[in-house]
Amino acid sequence: MKRDSWLLLTALILVSCRGGVKPTVQESIDTLPTPKLTLSRTQGSNRYAEVKCGLQDKAGNLWFGTTGEGVYRFNGKSFTQYTIQEGLASNTVWSLLEDRQGRIWFGTDSGLSRYDGKSISSVPISSAPGWPVLNMYSPNDAFTGKAAVWSLLEDKRGTIWIGTSEGVLCHKDGVIFPFLGQAMVQNPTGLHLKMVDDILEDRQGNIWFASGMPPGMEGLCRFDGTSIQPFNPGGAKWIRTVKEDSRGVLWVGTRNQGVWLYDGKAFSRQTEPLELGEPLLVDRSGNIWFSGVEDDNGFESKTGIWRYDGKVFRNFSTAEGMGNYFAWCAVEDRDGNIWVGTRNTGLYRFDGKSFTRLSE
C-alpha cells in the first residue's frame, strides 16, 4: 500500500485520544456471571442461533460470540457468559477482535462494545463525522436505529476497520471516521461497502472486504491504499469469507457460487470436492479449514467440515464426533486444537484425532 496515502489518511484525524490503557486483567470479570462447564443457552432455544465468531486472547482465554446468547469466555476450565446485563449492546455478536492494547471488541447487532479489562461498555459510532443517518438492517432483532457491526480487523498500522450494516468505519488514535468519506480514497465504481461479512489484510497490505448479504452484495472489494476496486469471481456478488494461505493465495467463499482462488492475477474455481463450503481458518501449520455445504434450510451441513493440507481434502463428520450442524467459524488455540462454532449454538473442539462437543 502506498505510504503517503496512509499518512494523508492519518492527517485527517483531528482529535487524538491516546489515553494509556493498562494491560487487560481477564480474570477481573469472573465474579459476575456463574461459570459453567459447557456453553449453555440461557436466552432461548432458537436452533438457528449460532456460534458465529471466536478468538483466543493474549492471556489464553477463548472468546465465542453468538447470535442470541451474547459472548462466552473459556478460561481453560469453564465458560462464563456475558449478555446485555454485563454491558453488551446486544446479545447477538457478529464479530470479535483483540487489539494490540489487549482490549476485546464486540461487533453486535446494535453497535460496538468493548472490554477494557474491567468492564464491557458501548463504543459510540453514530457520532462519527459525516456518518449517515442509520437505517439498520438486522436479521435477528427489531430495527433499533443502530448499525450492526458485522466484521472487525486491526491492520499492521494499528487502524481498526469496522464493517457495519451502513458502511465501513475506521478507528485510529481514539477517533472513528467513515472510510469512504476520506477525500484521498478513490471510489470510481461508487461502492457503499454495506454488509461486509469479512475483512482481511493481505501480505502486501491490501485491505479486502467480503460484501455480505443484501442490500450489500458488491462482491469482493480491494483497497490498495489509494483506490477501491470490486471483483465478482464467477459472477458472485455475495461473498461470505476471504482468507489468505501460506503462499499468499486468497481463498474466497461465496454464498452459492462455490470457492474461488485468487493468485494475484486471476481467479479460478475450486471444483473438488463438490460439497466444500466457505474457508473459515488457515491454521499455523498452513491447513485450511472449510465449512460444509448448507442444506436447503441453512441449518445442517451435508458434509460436516473439511481440512485441506495443500494436497488432500479431508472430511470430518459425525464419525469423528463432529455434529451435523452448519459450521460458521473456526479458531486455533495455543495448543493447536481447532474450535468449531455451529448452528444450534454448537461448539466442538478437535484435538487432532476426534471432536469433543462442549455445548448443550
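Quick note: structure is the one above.
Residues numbered from 1 in each chain as written. Predicted model: local features only at pLDDT ≥ 70, side-chain atom pairs only at ≥ 80, totals over all residues. Heavy atoms only, no water.

**Things to note about the overall build of the protein chain**
Of regular secondary structure, the protein chain possesses 1 helix and 28 strands. When contacts within the protein chain are restricted to residue pairs at least 6 apart in sequence, long-range pairs at least 24 apart make up 51% of them. With an accessible surface of roughly 15,600 Å², the protein chain has 48% of that area assigned to carbon and sulfur atoms. (Helix = DSSP H or I, 4+ residues; strand = E, 2+ residues; numbered from the N terminus. Contact = heavy atoms within 4.5 Å. Areas by Shrake-Rupley, 256 points an atom, 1.4 Å probe, with all protein chains shown as cover.)

**What to know about the pairing of strand 10 (residues 160-164)**
Most of strand 10 is tucked away: 5 of the 5 residues are buried. Judged by which residues are buried, strand 10 turns out to be covered on both faces: Ile160, Ile162 and Thr164 on one side and Trp161 and Gly163 on the other are all buried. Taken together, the 5 bridges between strand 9 (residues 149-154) and strand 10 define a ladder with antiparallel strand orientation. Each bridged residue has a counterpart across the sheet, and for Leu152 the counterpart in strand 10 is Ile162. (Buried < 20%, exposed > 50% of the residue type's maximum accessible area, 1.4 Å probe, protein only. Pairing = 2+ DSSP bridges.)

**Quick word on the packing of aromatic side chains**
The full count for this structure, using the stated rule, is 27 aromatic pairs. Their ring planes at 45° and their centres at 5.9 Å tell us that Phe231 and Tyr262 sit as a pair that is tilted. Of the two residues, Phe231 sits in strand 16 (residues 228-231) while Tyr262 sits in strand 19 (residues 259-262), which places them 31 residues apart along the sequence. For Phe231, a relative accessible area of 14% corresponds to the buried category. Note on Trp289 and Phe350: the rings are 5.8 Å apart at their centroids and 65° apart in plane angle, and the pair reads as edge-to-face. Of this pair, Trp289 sits in strand 22 (residues 288-292) while Phe350 sits in strand 27 (residues 346-350), and the two are 61 residues apart along the sequence. Here Trp289 matches Phe350 in class, with each residue buried. Aromatic rings pair up to connect Trp63, Tyr82, Phe106 and Tyr115 into one cluster. It is Arg114 that lies over the ring of Trp105; its NZ or CZ is 4.7 Å from the centre. Positioned above the aromatic ring of Trp238 is the side chain of Arg255, whose terminal nitrogen or guanidinium carbon lies 5.5 Å from the ring centre. (Phe/Tyr/Trp six-rings, centres within 6.5 Å; stacked < 30°, edge-to-face > 60°. Lys NZ or Arg CZ within 6 Å of the ring centre and 35° of its normal.)

**Observations regarding the nonpolar core**
In this structure, Trp161, Phe179, Leu193, Phe209, Phe223 and Ile228 are the most contacted members of the largest nonpolar core, which totals 18 residues. Within the residue set of this core, elements represented by two or more residues are strand 11 (167-172), strand 12 (175-178), strand 13 (196-201), strand 14 (207-211) and strand 15 (220-223). Residues in contact with Phe179, not counting those within four places in the same chain, are Trp161, Val168, Leu169, Cys170, Val185, Leu193, Phe209, Phe223 and Ile228. Formed by 14 residues, the second largest nonpolar core is a distinct cluster that contains Leu280, Phe316, Tyr325 and Phe355. (Core = buried A, V, L, I, M, F, W, Y, C linked by side-chain atoms within 4.5 Å.)

**Examining the pattern of salt bridges**
A full pass over the atoms with the stated rule returns 12 salt bridges. A salt bridge links Lys194 to Glu166; its shortest N-O distance comes to 3.9 Å. With a gap of 28 residues between them, Lys194 in the loop between strand 12 and strand 13 and Glu166 in the loop between strand 10 and strand 11 connect regions that are remote in the sequence. Lys194 gets classed as partly exposed once you look at its relative accessible area, which sits at 27%. Note on Glu166: relative accessible area 10%, which makes it buried. (Salt bridge = Lys/Arg side-chain N within 4 Å of Asp/Glu carboxyl O.)

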